[in-house]
Amino acid sequence: MLQLQTPSTRSHRHNDAQPALSGDVLGAMINLSGRRRFTSQRVVLYAVLASSGRTEMLPVAAEALTMFSQAHTALLQGKDNLPGVYCDALREAYFGAPEGDRHIRAFIDLAEQTLSAIRSGSKRASSLVDALVASATPLLAVLNQLTQVYEEESRRHALRMKKKLQSVMTDIETIAKQARMVSFNAQIIAARAGNAGREFAVVAGVLSNITAEIDELVHEALNGTV
């Protein structure tokens, strides 16, 4: 029997501060959510095959169900570097009106009953398989909706990072402009000083080259965020 612990909805709602997430973590959650769609279809397919006499498909169906359940648990409760349900949009999708968590748990329970009935040769196996097949399309719609939430959160994160980078680049550009002015003034002073200002002129030239490199790097970084 697969065990999924229900996270406290109240504790989620009281945790308003969202954790700082990287693009890699968000990508991992999108992939894991997408994996639930794939494994749910495998569970149904192999259950149908097992019920038609292909009993060697039972372990494959059970393995797919375990993968499905583990992915759901990781996305809900967090695992390794995954934060679990970390934002209002996901809390609403899982525990609000769409009832994503309830639908997923109902599918897991039905799949467990179906595989158990097939394994034992129960007369209920046929009706349970029919119910499992009927649940596949509505479940897929729920899983697609959840995956879209993860994708939307990833896009928002990318936009926030782009704005943050642009802000940093603007600050660097301001510093570079100030450095160019210092370099320009230093070159004028060095020229007026003649031989005595030769070393000063070399330093001013190096500073000018550095600011030019900074400008180029800023330009490349900003183009890379588009």
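Residues numbered from 1 in each chain as written. Predicted model: local features only at pLDDT ≥ 70, side-chain atom pairs only at ≥ 80, totals over all residues. Heavy atoms only, no water.

Peer 1: Quick question: what am I supposed to make of helix 4 (residues 88–95) here?
Peer 2: Because an α-helix packs 3.6 residues into every turn, residues spaced three or four apart end up facing the same way. Turning to helix 4, its buried residues are Leu90, Arg91, Ala93, Tyr94 and Phe95. Down the axis of helix 4, the sector holding all buried residues measures 165°, keeping them to one side. (Buried < 20%, exposed > 50% of the residue type's maximum accessible area, 1.4 Å probe, protein only. Helix = DSSP H or I, 4+ residues; strand = E, 2+ residues; numbered from the N terminus. Arc of directions from axis to C-beta.)

Peer 1: I keep staring at the packing of helix 3 (residues 57–77) against helix 5 (residues 100–120) and nothing clicks. Help me out?
Peer 2: Helix packing geometry: the angle between the two helix axes and the distance between the axes. In contact at an axis separation of 11 Å, helix 3 and helix 5 are set at 160° when each is read in the N-to-C sense. With respect to their mutual orientation, helix 3 and helix 5 come out roughly antiparallel. Here helix 3 and helix 5 pass one another in a crossing that is left-handed. Here helix 3 contributes Leu58, Ala61, Ala62, Leu65, Phe68, Ser69, His72 and Leu76 to the contact with helix 5, which in turn contributes Asp101, Ile104, Arg105, Phe107, Ile108, Ala111, Glu112, Leu115, Ile118 and Arg119. The residue makeup of the contact of helix 3 with helix 5, split by class, is twelve nonpolar, two polar and four charged. (Axes fitted to C-alpha atoms, helices over the stretch in contact; angles between N-to-C directions. Parallel < 35°, antiparallel > 145°, perpendicular 65-115°, else oblique. Left-handed = near helix turned anticlockwise from the far one by under 90°. Contact = heavy atoms within 4.5 Å. Nonpolar A, V, L, I, M, F, W, Y, C, P; charged D, E, K, R; others polar.)

Peer 1: I'm lost on unusual backbone geometry in this one. Help?
Peer 2: Excluding glycine, a negative phi dihedral is what most residues carry, and trans is how most peptide bonds are arranged. The residue Asp80 is not glycine, and still its phi comes out positive at about 55°. On the basis of relative accessibility, which here comes to 76%, the residue Asp80 falls in the exposed class.

Peer 1: Explain the nonpolar core here, please?
Peer 2: Looking at soluble globular proteins, one finds that nonpolar side chains tend to be buried together. Counting residues in each nonpolar core, the largest one holds 48 residues, and the members touching the most others are Met29, Leu90, Tyr94 and Ile104. Looking at this core, the elements that each hand over two or more residues are helix 2 (23–51), helix 3, helix 4, helix 5 and helix 6 (125–193). Examining the composition of this core, we find that eleven residues originate from one element, helix 6, more than from any other. When neighbours within four sequence positions are excluded, Leu90 is seen to be in contact with Val85, Val149 and Tyr150. (Core = buried A, V, L, I, M, F, W, Y, C linked by side-chain atoms within 4.5 Å.)

Peer 1: Would you mind showing me how to read the side chain of Asp101 here?
Peer 2: Following the sequence through the fold, Asp101 ends up in helix 5. Within the local environment of Asp101, its side chain forms a polar contact with the side chain of His72, the two groups lying 2.8 Å apart. A polar side-chain atom of Asp101 sits 2.7 Å from a polar atom in the side chain of Arg105. (Polar contact = N/O pair within 3.5 Å; in protein donor to acceptor, adjacent residues only side chain to side chain.)

Peer 1: How should I be thinking about the pattern of salt bridges in this particular structure?
Peer 2: One side chain can pair with another of opposite charge once the charged atoms of both are near each other. One pass over the full model with this rule turns up five salt bridges. Put simply, Arg102 and Glu99 hold a salt bridge, and the shortest N to O gap is 3.1 Å. With relative accessibility at 44%, the residue Arg102 sits in the partly exposed group. The class of Glu99 is partly exposed, set by a relative accessible area of 33%. Taking the shortest distance from any N to any O, the salt bridge between Arg105 and Asp101 comes out at 2.7 Å. Here Asp101 and Arg105 lie together in helix 5, a separation of four residues that amounts to about one turn. Residue Arg105 is classed as buried on the basis of its relative accessible area, which comes to 19%. Overall, the relative accessible area of 5% leaves Asp101 in the buried class. (Salt bridge = Lys/Arg side-chain N within 4 Å of Asp/Glu carboxyl O.)

Peer 1: Could you clarify how one ought to interpret the packing of aromatic side chains in this entry?
Peer 2: Each aromatic ring pair is described using two quantities: the centre-to-centre distance and the angle formed by the ring planes. Evaluation of the coordinates by the stated rule reveals two aromatic pairs. A centroid spacing of 5.3 Å and a plane angle of 65° characterise the contact between Phe68 and Phe107, whose relative ring orientation is edge-to-face. Pair noted here: Phe68 is in helix 3 and Phe107 is in helix 5, with a separation of 39 residues, a long-range link. In this structure, Phe68 and Phe107 share a single accessibility class: buried. A ring pair is formed by Tyr94 and Phe95, whose centres lie 6.2 Å apart and whose planes are at 45°; its orientation type is tilted. Taken individually, Tyr94 and Phe95 each receive the classification buried, so the pair is uniform in this respect. (Phe/Tyr/Trp six-rings, centres within 6.5 Å; stacked < 30°, edge-to-face > 60°.)

Peer 1: Help me out: how do you make sense of the side chain of Thr114 in this one?
Peer 2: Inspection of the secondary structure puts Thr114 in helix 5. A distance of 3.5 Å separates a polar side-chain atom of Thr114 from the backbone oxygen of Leu128. If sequence neighbours within four positions are ignored, Thr114 has contacts with Leu128, Val129 and Leu132.

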